[in-house]
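Analysis of the macromolecular model
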Amino acid sequence: MLSERRLQVLRAIVQDYVGTEEPVGSKALTERHNLGVSPATVRNDMAALEEEGYIAQPHTSAGRIPTDKGYRLFVDKLAGVKPMSPPERRAIQNFLEGAVDLDDVVARTVRLLAQLTRQVAVVQYPSLTRSTVRHVELLSLAPARVMLVLITDTGRVEQRVIDCPAPFGETSLADLRARLNSRVAGRRFTDVPSLVEDLPEAFEVEDRGTVSTVLSTLLETLVEENEERLMIGGTANLTRFAHDFPLTIRPVLEALEEQVVLLKLLGEAKDPGVTVRIGHENAHEGLNSTSVVSVGYGSGGEAVAKLGVVGPTRMDYPGTMGAVRAVARYVGQILAES
């Protein structure tokens, strides 16, 4: 266990290195921070921190920089989450409230996160496996043609045009709409198949073929929409940190192009808290020089997807964690109200 003073020295090193981009020396630390001890004592503390792997000496410099292990201790023990100021919170709310549909919410969220954190922003679309049905609308387009509109609790809207095996009257259509919604509204996608399997039997024999066709289209729509989708933005921000990547920025950019990698990176949506993965904690080799800050978002207190940012390990962790958490909270509110 590190002493309280050594933890203070580590905190000061992380803060200075993140702020100045320069390796940190003991003289500068004692000048900038009220550590209450001499430069010689700070030098001893830094030697101990280096021996334990929390800081390291880049070969060209007399100063020290934090390692992945040092950043991890800083995030776990020393860094609070920096709250957004009231004007920042209002700006987030106003920007997101202008969204017209789910795609617009996701696009605005990506832009906002990239601007607030000056990192790469990644937003996962709400997963339909964790979504519920808000409403199913059925509209008659012709005697034997129906439009099915599926609306989810996260504001997603899917439309399908169905060619029915026989003409289907307005009265039958209204009956099917009412029966369908009474069974599936407010229920999870994964529960829908078992809830509707005996529904055709409630109709006249001549209408059962059409009812079955409508139901199979509904179930296909649920399955099709199950694939995970992502939106990414702010990749150009990485070029501002090119010197933070040991050899080249290319492995990072290549990793960001792989959707599977990004989904793994964001982690399981059911973990709603802020997650920070630092450097080599990221399994993908191309991302060993980056940190990922992610959090779940959703309506009604349950996370339906993740959003987060990717940047260099030399990151303003308290500010980034605060921004990611605040944006997730507002996106959740908008989904709940939509």
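Computed from a prediction, not measured in an experiment: that's the story for all the values here. (Residues numbered from 1 in each chain as written. Predicted model: local features only at pLDDT ≥ 70, side-chain atom pairs only at ≥ 80, totals over all residues. Heavy atoms only, no water.)

**Some details on the side chain of Asp153**
Here Asp153 shows up in the loop between strand S5 (145-152) and strand S6 (157-163). The buried charged residue Asp153 lacks any salt bridge partner; its closest oppositely charged side chain belongs to Arg134, at an N-O distance of 6.6 Å. If we ignore the near neighbours within four places in the chain, the residues touching Asp153 are Ser131, Thr132, Arg134, Ser299 and Leu335. (Helix = DSSP H or I, 4+ residues; strand = E, 2+ residues; numbered from the N terminus. Buried < 20%, exposed > 50% of the residue type's maximum accessible area, 1.4 Å probe, protein only. Lys, Arg positive; Asp, Glu negative; His and termini not counted. Salt bridge = Lys/Arg side-chain N within 4 Å of Asp/Glu carboxyl O. Contact = heavy atoms within 4.5 Å.)

**A short note on a positive patch on the surface**
A cluster of basic residues, Arg89, Arg90, Arg325 and Arg329, forms a positive patch on the protein surface. For the positive patch, the elements supplying multiple residues, two or more each, are helix H5 (86-97) and helix H12 (317-337). Of note, Arg89 is situated in helix H5. (Patch = residues over 30% accessible without salt bridge, like charges linked within 9 Å, V, L, I, M, F, W, Y side chains within 5 Å. Areas by Shrake-Rupley, 256 points an atom, 1.4 Å probe, with all protein chains shown as cover. Charge placed at Lys NZ, Arg CZ, Asp CG, Glu CD.)

**Things to note about the environment of Glu257**
Looking at where Glu257 falls in the secondary structure, it is placed in the loop between helix H10 (250-256) and helix H11 (259-266). Sequence-wise, Glu257 and Leu307 are 50 residues apart; in three dimensions their C-alpha atoms are separated by 16 Å.

**So, the packing of helix H1 (residues 4-20) against helix H3 (residues 39-51)**
At a minimum axis separation of 10 Å, H1 and H3 run at an interaxial angle of 85°. Classified by the interaxial angle, the pair formed by H1 and H3 is roughly perpendicular. Between H1 and H3, the residues in contact are Arg5, Arg6, Val9, Leu10 and Ile13 and Thr41, Asn44, Asp45, Met46, Ala48 and Leu49, respectively. Tallied by class, residues from the contact of H1 with H3 come to six nonpolar, two polar and three charged. (Axes fitted to C-alpha atoms, helices over the stretch in contact; angles between N-to-C directions. Parallel < 35°, antiparallel > 145°, perpendicular 65-115°, else oblique. Nonpolar A, V, L, I, M, F, W, Y, C, P; charged D, E, K, R; others polar.)

**Details of the sheet that holds S5**
With antiparallel pairing, three strands are arranged side by side in an open sheet as S4-S5-S6. The two strands at the open ends of the sheet, each matched to only one other strand, are strand S4 (133-142) and S6. If you compare each strand with its neighbour and ignore which way they point, the axes differ by 20° on average. By the bridge criterion, eight bridges tie S4 to S5 in an arrangement that is antiparallel. Bridging across to S5, Leu138 finds its partner in Leu148. Of the strands in this sheet, S4 and S5 are in contact with helix H7 (residues 170-184), which crosses S4 at around 170°. (Pairing = 2+ DSSP bridges.)

**As for a nonpolar patch on the surface**
Side chains of Leu139, Leu141 and Val161 sit close together on the surface and give an oily, nonpolar patch of about 240 Å² of accessible area. Position of Val161 relative to the elements: it lies in strand S6.

**Some points on the nonpolar core**
Soluble globular proteins tend to bury their nonpolar side chains together. Leu29, Leu307 and Tyr317 are the most contacted members of the largest nonpolar core, which totals 57 residues. Ignoring anything within four residues of it in the chain, the contact list for Leu29 reads Val9, Ala12, Ile13, Asp16, Val24, Leu35, Val42 and Met46. Of all hydrophobic cores here, the second largest spans 23 residues; its members include Val146, Leu173, Leu176 and Val196. (Core = buried A, V, L, I, M, F, W, Y, C linked by side-chain atoms within 4.5 Å.)

**So, H12**
With 21 residues, H12 extends 30 Å from end C-alpha to end C-alpha; this agrees with the ideal 30 Å at 1.5 Å per step. At the N-terminal end of H12, a side-chain oxygen is found 3.1 Å from the backbone nitrogen of Gly319, two or three residues along, and the residue is Asp316. (Expected span 1.5 Å × (residues − 1). Polar contact = N/O pair within 3.5 Å; in protein donor to acceptor, adjacent residues only side chain to side chain.)

**Topic: the pattern of salt bridges**
Using the criterion set out here, one finds 15 salt bridges in the structure. With a closest N to O distance of 2.7 Å, Asp16 and Arg32 form a salt bridge. One end of the pair, Asp16, is in helix H1; the other, Arg32, is in helix H2 (residues 26-32), with 16 residues separating them in the sequence. Among the ionic pairs, Asp103 bridges to Arg229, the shortest N-O distance being 3.7 Å. Of this pair, Asp103 sits in helix H6 (residues 102-117) while Arg229 is found in the loop between helix H9 (205-224) and strand S7 (230-233), placing the two residues 126 residues apart along the sequence. The class of Asp103 is partly exposed, set by a relative accessible area of 39%. Each member of the salt-bridge network shares a partner with another, and the members are Arg5, Arg6 and Asp45.

**Some remarks on the packing of aromatic side chains**
Applying the stated rule across the entire model yields one aromatic pair. Measuring from centroid to centroid gives 5.6 Å for Tyr71 and Tyr317, while their planes differ by 50°, and the two rings are tilted. Of this pair, Tyr71 sits in helix H4 (residues 68-78) while Tyr317 sits in helix H12; the two residues are 246 residues apart in sequence, bridging distant segments of the chain. Summarising the burial analysis for this pair, Tyr71 and Tyr317 share the class buried. (Phe/Tyr/Trp six-rings, centres within 6.5 Å; stacked < 30°, edge-to-face > 60°.)

**Some words on the sheet that holds strand S8 (residues 275-278)**
Adjacent strands of a sheet form backbone hydrogen bonds with each other and so pair up, either parallel or antiparallel. Read from one edge of the open sheet, five strands run S7-S3-S10-S9-S8, paired in antiparallel fashion. With partners counted over all chains shown, the strands left at the sheet margins are S7 and S8, one partner each. Sheet twist, expressed as the average angle between the axes of neighbouring strands with direction ignored, equals 15°. As paired strands, strand S3 (residues 120-124) and S7 are joined by four bridges and run antiparallel to one another. Bridge pairing in S7 places Val122 opposite Ile232.

Purely geometric numbers; function is a separate question.
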